[in-house]
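Inside the fold
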Amino acid sequence: MSAPSARPVPPRPGAPLYDVATLRRVEAAALEEIGDADALMARAGEAAWRFACAHWPDAKRVLVVCGPGNNGGDGYVLARYAHTAGRAVSVLRLAAHAPRTPEAQAACAAFIAAGGQVALVGTDTLPPADLVVDALFGLGLTRAADADSAALIEAINAAGAPVLALDVPSGLDADRGHAAGTAVRATRTVQMIAGHVGLYTGDGPEHAGARAVADLDVASGCFDGEASAARRVTGSDLGHWLRPRHRNSHKGHAGHVLCIGGDHGTGGAVMLAAEAALRSGAGLVSVGTRAGHVPAMLARCPEVMARAVDTDAALGALLDAADVVALGPGLGQGAWGHGLLADVLASGRPLVLDADGLNLLARAPRPLPSDSILTPHPGEAARLLGCTTAEVQADRLAALHALVAQSGAVVVLKGAGTLVAAPGAIPWLVDAGNPGMATGGMGDVLTGVIAALRAQGLAPEAAAVCGALLHAAAGDAAAQAGERGLLPRDLFGHLRTLANPEWPR
Ligand SMILES: NC(=O)C1=CN([C@@H]2O[C@H](COP(=O)(O)OP(=O)(O)OC[C@H]3O[C@@H](n4cnc5c(N)ncnc54)[C@H](O)[C@@H]3O)[C@@H](O)[C@H]2O)[C@@H](O)CC1
Ligand SMILES: [K+]
């Protein structure tokens, strides 16, 4: 009799996202293969029109704002389809934005030949419309929008109609996810050929709205030899990492997490991390904290083994028993926290470092165990890098790479479009989470989740990305009841549910 087949392993998760330089090369390869630049633009404009019809089938008055480049060209093609379909189409452009490329000029001429009209627009209020199509700037944006373009973008945002952005919401940097000046706030964005990394992190999600990709039938061979800038994962990818437990599991198999932190006045932080670790499947969770917080910890969660760590001996015993240490929530930056960090680093235990653990590291940089995980928010990242939070947010991917290079660790850069990277690996982008999660204590929960997954045997990179995803997905589930007022502890029940994806038995 043959052995029962192994449970199916899903393919490597994540959809590739690309930077502009790579998309330009892919586009060039596609143009070479197709042999006709107008044909690719025709596909883009037609795909965008089909997308508009699918989402706004009843839009009678369609306003298309065209810029000077090929993004504007896509807009002229869409306008021709809309006009031919009998919609009331207005194409508007700034006087300075006459089509400059041969393809855009041809698309504009074809629209006019079909009976369409192009009007010059000032920077004042736009005429009423049921749908505004933003074809002002795409991948070719090279600097913050000039004054007239910025005013036009403001007019699009104030139009009071749904906005469909072609390829990129105009004004957004498609690599960095940064809106240096003003940028279109789209209802939806249809990206051409492949996903653009900047639409998924930083300012990107806010400006792009719901994102889709029109692949324009570009052959997969056009991507040969091209690396993605990031891999996008969503809650449906959790099953890749969260396998069912073996029937004969015992608590020793699920690992022992030690959470350390909770200086005077911030005891709740380490309690949140500890409970999150239990709800994410850690077999045992210990807490080392200030003596005054031990009774509250035990009252809140009797499954936790809470100890005062006011002496080195007490900490040593806890460290000996731990598989993974989560250090930082509520730690403070005083002598107590400083001493704990030094002792934990000396122990060489696998480490998840957060909050004041990171701030102490920024003040006194030192080597970390090679399998450490750091979970900075943009402010902590800025302190580690010696720059401003705004500089981190202006180029989150660059900040992520710099943190990995600096620390040699796996880094989770939190914020909208959380990024995760290990040394030498393509970053992960977590496409989940919501603004309701901008609440004190939410990061402490993430620390506990990641530590628990690490303790259950996931390698550092896997624990970090799966943990960030599990945390964000739990936040989304909790936000079903509303984003405002969402508390970190509202995630606990959802962590438990989502940590157990359905698997055929
Ligand atoms: N080449 C092709 O056949 C295809 C092109 N596509 C479209 O083409 C777009 C890229 O076209 P382009 O490379 O022409 O670039 P864009 O159309 O994005 O913009 C380039 C133009 O905007 C000007 N510009 C850039 N930044 C500015 C600023 N801050 N203020 C004022 N003017 C500014 C540039 O001088 C240039 O004239 C893509 O985003 C996509 O929409 C895709 O549809 C795929 C096919
Ligand atoms: K655009």
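Worth saying up front: this structure is predicted, and the values here are computed from it rather than measured.

Focus on the packing of aromatic side chains
- Taken as a whole and assessed by the stated rule, the structure comprises two aromatic pairs.
- Taken together, a centroid distance of 5.2 Å and an interplanar angle of 40° make the contact between Tyr18 and Phe223 tilted. With Tyr18 in strand S1 (residues 15-18) and Phe223 in the loop between strand S11 (210-214) and strand S12 (230-233), this pair connects stretches of sequence that are 205 residues apart.
- Note that Arg80 overlies the ring of Tyr81, its terminal NZ or CZ placed 5.3 Å from the centroid.

Notes on unusual backbone geometry
- Here the phi dihedral of Ile193 falls at roughly 75°; this positive angle occurs in a residue that is not glycine.
- Residue position: Ile193 is located in the loop between strand S9 (188-192) and strand S10 (195-196).
- Overall, the relative accessible area of 10% leaves Ile193 in the buried class.
- Unusually for a residue other than glycine, Asp217 sits at a positive phi of about 55°.
- Relative to the elements of secondary structure, Asp217 occurs in the loop between S11 and S12.

Section: the coordination of the potassium ion (ligand 2)
- Asn71 (OD1), Asp134 (O), Phe137 (O), Leu166 (O), Val168 (O) and Ser170 (OG) make up the full set of protein donors to the potassium ion (ligand 2), lying at 2.6 to 3.1 Å.
- Given six donor atoms and angles of 64 to 169° at the metal, the environment of the potassium ion (ligand 2) is assigned as irregular.
- Going along the chain, you hit the donors of the potassium ion (ligand 2) in the pattern N-x62-D-x2-F-x28-L-x1-V-x1-S. Of this pair, Asp134 sits in strand S5 (residues 131-135) while Ser170 sits in the loop between strand S6 (163-166) and strand S7 (172-173), placing them 36 residues apart in sequence. Judged on exposure class, the residue Asp134 and its partner Ser170 are both buried.

A look at the confidence of the model for the protein
- Looking at the protein, pLDDT values average 94 and 96% of them are 70 or higher.
- Low confidence marks residues 1-7, where pLDDT is under 50. Its contacts with residues over four positions away, or in another chain, come to four contacts.
- In the predicted assembly, ipTM is 0.96 and pTM is 0.94.

Focus: the packing of helix H9 (residues 312-321) against helix H10 (residues 335-347)
- Interhelical geometry of H9 versus H10 gives an angle of 40° and a closest axis separation of 11 Å. If you check the angle between H9 and H10, you find them oblique. H9 and H10 meet at a crossing whose hand is right-handed. Judged by residue contacts, Asp312, Leu315 and Leu319 of H9 engage Leu340, Asp343, Val344 and Ser347 from H10.

Concerning the site of ligand 1
- The environment of ligand 1 is formed by 24 residues, the closest being Asn70, Asn71, Asp74, Gly138 and Asp167.
- Measuring from an oxygen atom of ligand 1, one finds a backbone N or O atom of Gly140 at 2.9 Å.
- Asp167 has a polar side-chain atom sitting 2.5 Å from an oxygen atom of ligand 1.
- When isolated, ligand 1 has an accessible area of 880 Å², and the protein chains bury 89% of it.
- Taken together, the elements giving at least two residues each to the shell around ligand 1 come down to helix H1 (20-34), helix H2 (37-55) and helix H3 (70-84).
- For the shell around ligand 1, the leading source of residues is H2, giving four residues.
- Residues that form the shell around ligand 1 fall into these classes: 11 nonpolar, six polar and seven charged.

Criteria and cut-off values
Residues numbered from 1 in each chain as written. Chains lettered and ligands numbered in written order. Predicted model: local features only at pLDDT ≥ 70, side-chain atom pairs only at ≥ 80, totals over all residues. Heavy atoms only, no water. Phe/Tyr/Trp six-rings, centres within 6.5 Å; stacked < 30°, edge-to-face > 60°. Helix = DSSP H or I, 4+ residues; strand = E, 2+ residues; numbered from the N terminus. Lys NZ or Arg CZ within 6 Å of the ring centre and 35° of its normal. Buried < 20%, exposed > 50% of the residue type's maximum accessible area, 1.4 Å probe, protein only. Donors = N, O, S within 2.8 Å, 3.2 Å for Na, K, Ca; no water. Tetrahedral: all angles 85-135°; square planar, octahedral: opposite > 155°, others 65-115°. pLDDT = per-residue confidence, 0-100. Contact = heavy atoms within 4.5 Å. Axes fitted to C-alpha atoms, helices over the stretch in contact; angles between N-to-C directions. Parallel < 35°, antiparallel > 145°, perpendicular 65-115°, else oblique. Left-handed = near helix turned anticlockwise from the far one by under 90°. Near = heavy atom within 4 Å. Polar contact = N/O pair within 3.5 Å; in protein donor to acceptor, adjacent residues only side chain to side chain. Areas by Shrake-Rupley, 256 points an atom, 1.4 Å probe, with all protein chains shown as cover. Nonpolar A, V, L, I, M, F, W, Y, C, P; charged D, E, K, R; others polar.

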